[in-house]
Amino acid sequence: MLTIEDLSAGYGEGTVVNNLNLIANQGQVTCLIGRNGAGKTTTLRGIMGLIKSSADTLRLDETDLSKMPTYRRAQSGIGYVPQGREIFPNMTVRDNLRIGLEANENSQQVPDYLFTLFPILKQFLDRKGGDLSGGQQQQLAIARALVTDPKVLILDEPTEGIQPSVIQEIGEVITELKSKMAILIVEQYLEFVMQISDYCYLLENGNITLEGLRNEIDLEQVKHTLAL
Ligand SMILES: Nc1ncnc2c1ncn2[C@@H]1O[C@H](COP(=O)(O)OP(=O)(O)OP(=O)(O)O)[C@@H](O)[C@H]1O
């Protein structure tokens, strides 16, 4: 379980995200929804320690992450798939996956189950990352984050720029993974959120303004905020 209390994060002198409280439970998909510029990516960068941030509590199960540098947060069990995927275009699929192993010294080998989840990666192991389609790159980025067997998987807009059939596949993978870990997803594609999430938080101008179970949240308010 990822527990966040009073997280603030920003750039330079200013804060973008203010006193954010969020829990991502094992066995659930938790979604942070918000329109462009709401502060979703900033929240995730704060959780990862990639930008200036502070929190009263930032805990993964019993481990306090709040004072750790980014690499230690990853080693402690966070798998992070950044916006834009950030795979290495000139490296093969195999080597991209091996890079993921370096986030955790206890992991020596890419687990086989990843190739059952993403058969296309097995087929393209020797292909360069940059030669994959956007959807295949997203699958590679997710697989790379999973090689270390994280306790929480964090995904930043996994549907961005991806065709509907692959979005569907990614949704199925996420649903399959949630029994093993907590999953936190940042999204603004509401249909996808409503398909896969268990619990939702709505972010507006760096503040959580609404939260609730997927089936109980006020969808009209969410749509209004997303300007849908
Ligand atoms: N590197 C940066 N330096 C300064 N300000 C930034 C930086 N990155 C983002 N911001 C600002 O922080 C605010 C929130 O941006 P953020 O990327 O977190 O939003 P978002 O909800 O993820 O939006 P999007 O869906 O467009 O990715 C915006 O006003 C943005 O201009």
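Residues numbered from 1 in each chain as written. Predicted model: local features only at pLDDT ≥ 70, side-chain atom pairs only at ≥ 80, totals over all residues.

A. Here's a closer look at the overall build of the protein. Counting its secondary structure elements, the protein contains nine helices and 11 strands. Against the 2.2 N^0.38 benchmark of 17 Å for 228 residues, the protein shows a C-alpha radius of gyration of 17 Å, consistent with a compact globule. The principal-axis extents of the C-alpha atoms in the protein amount to approximately 45 × 40 × 35 Å. Within the protein, the fraction of its 228 residues that count as buried is 41%. Across the protein, the fraction of contacts at a sequence separation of at least 24, relative to all contacts at a separation of at least 6, is 69%. (Helix = DSSP H or I, 4+ residues; strand = E, 2+ residues; numbered from the N terminus. Rg over C-alpha atoms; globule rule 2.2 N^0.38 Å. Buried ≥ 20, exposed ≤ 12 C-beta atoms within 10 Å, placed from the backbone. Contact = placed C-beta atoms within 7 Å.)

B. Region of interest: the confidence of the model for the protein. Taken residue by residue, the protein gives an average pLDDT of 93. The fraction at 70 or more is 98%. The ipTM for the predicted assembly is 0.96, set against a pTM of 0.95. (pLDDT = per-residue confidence, 0-100.)

C. Broad picture of the sheet that holds strand β7 (residues 78-81). Pairing is mixed in the open sheet, where six strands are placed in the order β7-β8-β9-β3-β10-β11. This sheet does not close on itself; its edge strands, each paired only once, are β7 and β11 (207-213). Put simply, the sheet's adjacent strands are angled 15° from each other on average, direction ignored. In the sheet, strand β10 (residues 199-204) pairs with β11 via six bridges, with the strands oriented antiparallel. (Pairing = 2+ DSSP bridges. Axes fitted to C-alpha atoms, helices over the stretch in contact; angles between N-to-C directions.)

D. Quick peek at the environment of Thr-225. Inspection of the secondary structure assignment puts Thr-225 in helix α9 (residues 219-226). As a C-alpha pair, Thr-225 and Gly-34 span 191 residues in sequence and 7.4 Å in three-dimensional space. With residues near it in sequence (within four places) discarded, Thr-225 still touches Arg-35, Leu-202 and Glu-204.

E. Representation of the site of the ligand within the structure. In the vicinity of the ligand, the residues found are Tyr-11, Val-16, Gly-34, Asn-36, Gly-37, Ala-38, Gly-39, Lys-40, Thr-41, Thr-42, Gln-83 and Gln-188. No other element matches the three residues that helix α1 (residues 40-48) contributes to the shell around the ligand. A per-class count over the shell around the ligand returns three nonpolar, eight polar and one charged. (Near = placed C-beta within 6 Å. Nonpolar A, V, L, I, M, F, W, Y, C, P; charged D, E, K, R; others polar.)

F. Broad picture of the pairing of β7. Judged by which residues are buried, β7 turns out to be covered on both faces: Ile-78 and Tyr-80 on one side and Gly-79 and Val-81 on the other are all buried. Where β7 and strand β8 (residues 152-156) come together, four bridges link them in parallel fashion. Opposite Ile-78, over in β8, you have Val-152 as the bridge partner.

G. Quick peek at helix α3 (residues 93-101). When α3 is considered as a whole, its buried residues turn out to be Val-93, Asn-96, Leu-97 and Gly-100. Taken end-on, α3 shows its buried residues confined to a sector of 95°, consistent with a single buried face. Among the structural elements, α5 (119-123) and α6 (134-146) are those in contact with the buried residues of α3. (Arc of directions from axis to C-beta.)

H. Local environment of the environment of Tyr-71. Its location among the elements puts Tyr-71 in helix α2 (residues 70-75). When the C-alpha positions of Tyr-71 and Leu-50 are compared, they lie 9.8 Å apart, and in sequence the two are 21 residues distant.

I. Spotlight on the nonpolar core. Counting residues in each nonpolar core, the largest one holds 60 residues, and the members touching the most others are Ile-33, Ala-143, Val-152, Leu-153, Ile-154, Ile-183 and Leu-184. At six residues, α6 tops the list of elements feeding residues into this core. The contact partners of Leu-184, leaving out residues within four places of it in the chain, are Leu-2, Ala-24, Thr-30, Leu-32, Val-152 and Ile-154. (Core = buried A, V, L, I, M, F, W, Y, C linked by C-beta atoms within 7 Å.)

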